[in-house]
Amino acid sequence: MRMLLRGAASLAAVVTVASLTSGAAAQPRTGRAAEAVRAAQIPPGVTAGVAVYDREAGRFTEQVDDSAQFRSASVVKLLLTLDFLWNRGPDHTIPPADRARLEPMLRGSDDDAADYYWSTYGGSAIIKRMTDRTELGLRDTAPPPAGHPGFWGYTAISARDTVAIYRYILEKAPAPVRDFIMDNLRRSTRCSATDRFDQHFGVAGAFDKPWAVKQGWSGTYAKGTCGSQAASSGAQAESAAPAPRGAAAVDVTRPALHSTGTVGANDRSIVAVLTLHPVGTSYGKAYTDIGRLTRSLNVPGAKRPAGTWFGTWGEFVNVRRGPATGGERMTQLPAGVEVLVGCQVRGEEVTVPPYTNEWWAYLPQYGGYISNIYISSPDNRLPDVPECAA
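In this text the structure is predicted, and so the values were computed from the model without any measurement.

A.B. asks: Even after reading the chapter, I still don't get the confidence of the model for the chain, so can you show me in this structure?
C.D. replies: Caution applies to low-pLDDT regions: their predicted coordinates should not be interpreted in detail. Taken as a whole, the chain shows an average pLDDT of 87; of its residues, 85% reach a score of 70 or greater. Every residue in residues 1–37 is under pLDDT 50, and counting partners more than four places away or in other chains gives 104 contacts. Every residue in residues 230–248 scores below 50 in pLDDT, and together they form 50 contacts with partners more than four places removed in sequence or on other chains.

A.B. asks: Whenever I open this one, unusual backbone geometry confuses me. Can you help?
C.D. replies: For residues that are not glycine, phi is negative in most cases, and the peptide bond is trans in most cases. A cis amide bond, omega 15°, links K209 with the succeeding residue P210. Of note, the bond from P353 into P354 is cis; its omega dihedral lies within 30 degrees of zero at 5°. On the secondary structure map, P354 appears in the loop between β13 (343–352) and β14 (355–363). Of note in this structure, A73 is not a glycine but carries a positive phi near 50°. With respect to the secondary-structure elements, A73 resides in the loop between β4 (70–71) and α2 (77–85). You will see that F316, though not glycine, has its phi angle at about 55°, which is positive. Relative to the helices and strands, F316 resides in the loop between β9 (307–310) and β10 (318–320). Residue class for F316 comes out partly exposed when judged on its relative accessible area of 34%.

A.B. asks: How do you make sense of the pattern of salt bridges when you look at a structure like this?
C.D. replies: Side chains bearing opposite charge may pair, as long as their charged atoms lie close to each other. Scanning the entire structure with this criterion turns up 22 salt bridges. For the salt bridge of E103 with R99, the shortest nitrogen-to-oxygen distance reads 3.5 Å. Taken as a pair, E103 and R99 lie in helix α3 (residues 96–107) at a separation of four residues, close to a single helical turn. The partner of R295 in a salt bridge is E338, with the nearest N and O atoms 2.8 Å apart.

A.B. asks: Looking at this structure, how should I read the packing of α3 against helix α7 (residues 175–186)?
C.D. replies: The relative placement of two packed helices is expressed as an angle between their axes plus a distance between the axes. For the pair α3 and α7, the least separation of the axes is 8 Å and the interaxial angle reads 50°. Overall, the two elements α3 and α7 adopt an arrangement that is oblique. Seen from above, α3 lies across α7 with right-handed handedness. Touching R99, L102, E103, L106 and R107 of α3 are F180, I181, N184 and L185, all from α7. Along the lines of polarity and charge, the residues of the contact of α3 with α7 split into five nonpolar, one polar and three charged.

A.B. asks: What should I look at first to understand the sheet that holds strand β3 (residues 59–64) in this one?
C.D. replies: Pairing is antiparallel in the open sheet, where five strands are placed in the order β3-β2-β8-β7-β6. Each having just a single partner strand, β3 and β6 (211–218) make up the two edges of the open sheet. Here the strands of the sheet are splayed against their neighbours by 5° on average, with no regard to which way each runs. This element, α7, spans β6 and β7 (256–263) of the sheet and lies at about 75° to β6.

A.B. asks: Where do I start with the packing of aromatic side chains in this structure?
C.D. replies: Each aromatic ring pair is characterised by the separation of its centres together with the angle its planes make. Across all of its chains, the model carries 17 aromatic pairs by this definition. Ring centres of F197 and Y283 lie 4.5 Å apart, and the angle between their planes is 65°; this geometry places the pair in the edge-to-face category. In this pair, F197 sits in the loop between α7 and α8 (203–206) while Y283 sits in helix α10 (residues 283–295), placing the two residues 86 residues apart along the sequence. Of the two residues, F197 and Y283, both sit in the buried class. Ring geometry for F201 versus Y283: centroids 6.5 Å apart, planes at 85°, classification edge-to-face. Pair noted here: F201 is in the loop between α7 and α8 and Y283 is in helix α10, with a separation of 82 residues, a long-range link. Owing to a relative accessible area of 0%, F201 belongs among the buried residues under this scheme. The structure contains a cluster of three or more aromatic residues connected by ring pairs, namely F197, F201, W217, Y221, Y283 and Y287.

The rules behind each value
Residues numbered from 1 in each chain as written. Predicted model: local features only at pLDDT ≥ 70, side-chain atom pairs only at ≥ 80, totals over all residues. Heavy atoms only, no water. pLDDT = per-residue confidence, 0-100. Contact = heavy atoms within 4.5 Å. Helix = DSSP H or I, 4+ residues; strand = E, 2+ residues; numbered from the N terminus. Buried < 20%, exposed > 50% of the residue type's maximum accessible area, 1.4 Å probe, protein only. Salt bridge = Lys/Arg side-chain N within 4 Å of Asp/Glu carboxyl O. Axes fitted to C-alpha atoms, helices over the stretch in contact; angles between N-to-C directions. Parallel < 35°, antiparallel > 145°, perpendicular 65-115°, else oblique. Left-handed = near helix turned anticlockwise from the far one by under 90°. Nonpolar A, V, L, I, M, F, W, Y, C, P; charged D, E, K, R; others polar. Pairing = 2+ DSSP bridges. Phe/Tyr/Trp six-rings, centres within 6.5 Å; stacked < 30°, edge-to-face > 60°.

Set out below in structure tokens:
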């Protein structure tokens, strides 16, 4: 459901330092100055709708254009799931065939499953049923533009409506519905099921578990490179349509990247970060920008991973099981993405003319290593990063 366009990154690019430290859990704001520092930091060129709701305190801790409408991309799969489960009977039994579709749709954002539920259960009528349900309390959600009824990813949604959906699931939905959806979102796979995109950005990258996420992306991004085989799908339906004309249409031109879910023990905080990026933005750049934005938020109950954030350069950079080019390839990084480095170790010497480097960085969120030669730093050995313990 996404149009894909290969990006490029020159090996002769100028290497600059781009790192941010992390390690402390989110703390409550105190005073006007502290609030200004902890306010959502939206990267230049990014349009964002943000909402963070603290369920324990019963209040929002972040609200930035939270009523603004964005095309939902795959976040709408939450509504497709709720619509299917709404009238399943007292025990909400899910037939095996539907379980086999819903689980990969929630965990891996499978688009074929979304196509099935959209076409089988009425398309835009699904959104109408959801907005009519007062229990959900949706105010900004709307069906796709009239000229594109088959494009479920063009459904309009806002950050505050996304919070409302999660609040319904957690606080009002029957226990079998709540448990099924949240259990699958807690099992989110790093690699998406349809097009092999790395979907552990935003909430999944900014905070340690426990978290549960449903992500969304749509636009002209390079092919997905996630997974040991770096396979990718040719499915392009969601973004293949031309932008709808006329008023009251969500922006379907700029690349979108959304991160939504819950963070902390007992799903304490609900986080919705919806973003649009300038046309031509690479997936790695958008991935980095939504990560920086999400890390800037006041998210009660969140624990932030220890380590230092660095930019990377080059395309198809391999993450390997050990610090050597012969190590098992676990996945490939989105081009130019920012990564969290936990420690570094000497390993096989790698040469990319005119550079040579024997140091390797351990990426705790991937459980593997990349050569320091691909990290944006002026020195072979990364500053302020400890050596890995034996």
